[in-house]
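One-letter residues, chain by chain:
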Amino acid sequence: NAGVTQTPKFQVLKTGQSMTLQCAQDMNHNSMYWYRQDPGMGLRLIYYSASEGTTDKGEVPNGYNVSRLNKREFSLRLESAAPSQTSVYFCASKRTSGSSEQFFGPGTRLTVL
Amino acid sequence: GQQLNQSPQSMFIQEGEDVSMNCTSSSIFNTWLWYKQDPGEGPVLLIALYKAGELTSNGRLTAQFGITRKDSFLNISASIPSDVGIYFCAGPPNYNTDKLIFGTGTRLQVFP
């Protein structure tokens, strides 16, 4: 099993450009998450999907949209990138609603110039 | 909102030393998770704790669920260079197991 995979691994954008970060998991997990990690801060939740067909805002959703394409895939879109969105983005997944244990992908390092 | 405070923020130790770090909250948690993040990688789950007072080991790592349910502790025995990284505690806020709150991490450096 590959676990949680993310593409791309690195990306540089100019202000105002758009892009989509891709995430897929092969563990048959129901819930999926997008976090951002900034220096000196812990992980902050952007959006999550508790099950296929549902999405909910997290702590820092402004400037982002998500799509739960199917049970395996959960994408994060930046419609008009801003320098404040320079960060490391992590996708995670979780087995069931009764468990708290989340499993993370390797991250996407995004720089917005 | 609920916050998790980790201490110390960073540690610089000699290989072979034991390490202790903790995570505290102003409110009760019913689950504590400990993650390790290697440089340039995503967090990896080390230990999960589900009951107050629970003590769980994973190799040289031992974690405890504090009896007040407002804290948790992680110990690493006989540290080695590959223990370098950032250690995060995490827990579900307000018994909502769909989400996690993360501490700001303890950065560990191990010198040979």
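Fair warning: this is a prediction, and the values are worked out from it, not measured in the lab.

1. Comments concerning the interface of chain A and chain B
Contacts between chain A and chain B engage 25 residues on the former and 20 residues on the latter. A combined buried area of about 1,700 Å² lies between chain A and chain B, and 52% of that area is made up of carbon and sulfur atoms. It is Leu43, Ser100 and Glu101 of chain A that lose the most area in chain A upon contact with chain B, and together they represent 30% of the buried surface on that side. Here chain A is connected to chain B by five residue pairs in polar contact (both at pLDDT 80 or more). Among the elements of the structure, strand 4 (31-37), strand 5 (43-49), strand 9 (87-94) and strand 10 (102-104) of chain A are those that each provide at least two residues to the side of chain A that touches chain B. For the side of chain A that touches chain B, the element with the most residues is strand 4 of chain A, which contributes four residues. Taken together, the residues that form the side of chain A that touches chain B break down as 10 nonpolar, 10 polar and five charged.

2. Brief notes about the pattern of salt bridges
All names here are of chain A. Counted under the stated rule, the structure contains six salt bridges over all chains. Residue Arg36 pairs with Asp38 through a salt bridge whose shortest N-O separation is 3.0 Å. As far as burial versus exposure is concerned, Arg36 and Asp38 are alike and both buried.

3. What about the sheet that holds strand 1 (residues 4-7) of chain A?
All names here are of chain A. Overall, antiparallel pairing links the four strands, which are arranged 1-3-8-7 in an open sheet. Edge positions in the open sheet fall to strand 1 and strand 7 (65-68), since each of these has one partner strand only. Recorded for the sheet is a direction-independent mean angle of 15 degrees between the axes of neighbouring strands.

What counts, and where the lines are drawn
- Residues numbered from 1 in each chain as written.
- Chains lettered and ligands numbered in written order.
- Predicted model: local features only at pLDDT ≥ 70, side-chain atom pairs only at ≥ 80, totals over all residues.
- Heavy atoms only, no water.
- Contact = heavy atoms within 4.5 Å.
- Buried area = accessible area lost by both parts, 1.4 Å probe.
- Polar contact = N/O pair within 3.5 Å; in protein donor to acceptor, adjacent residues only side chain to side chain.
- Helix = DSSP H or I, 4+ residues; strand = E, 2+ residues; numbered from the N terminus.
- Nonpolar A, V, L, I, M, F, W, Y, C, P; charged D, E, K, R; others polar.
- Salt bridge = Lys/Arg side-chain N within 4 Å of Asp/Glu carboxyl O.
- Buried < 20%, exposed > 50% of the residue type's maximum accessible area, 1.4 Å probe, protein only.
- Pairing = 2+ DSSP bridges.
- Axes fitted to C-alpha atoms, helices over the stretch in contact; angles between N-to-C directions.

So yeah, pure geometry; function would need other evidence.
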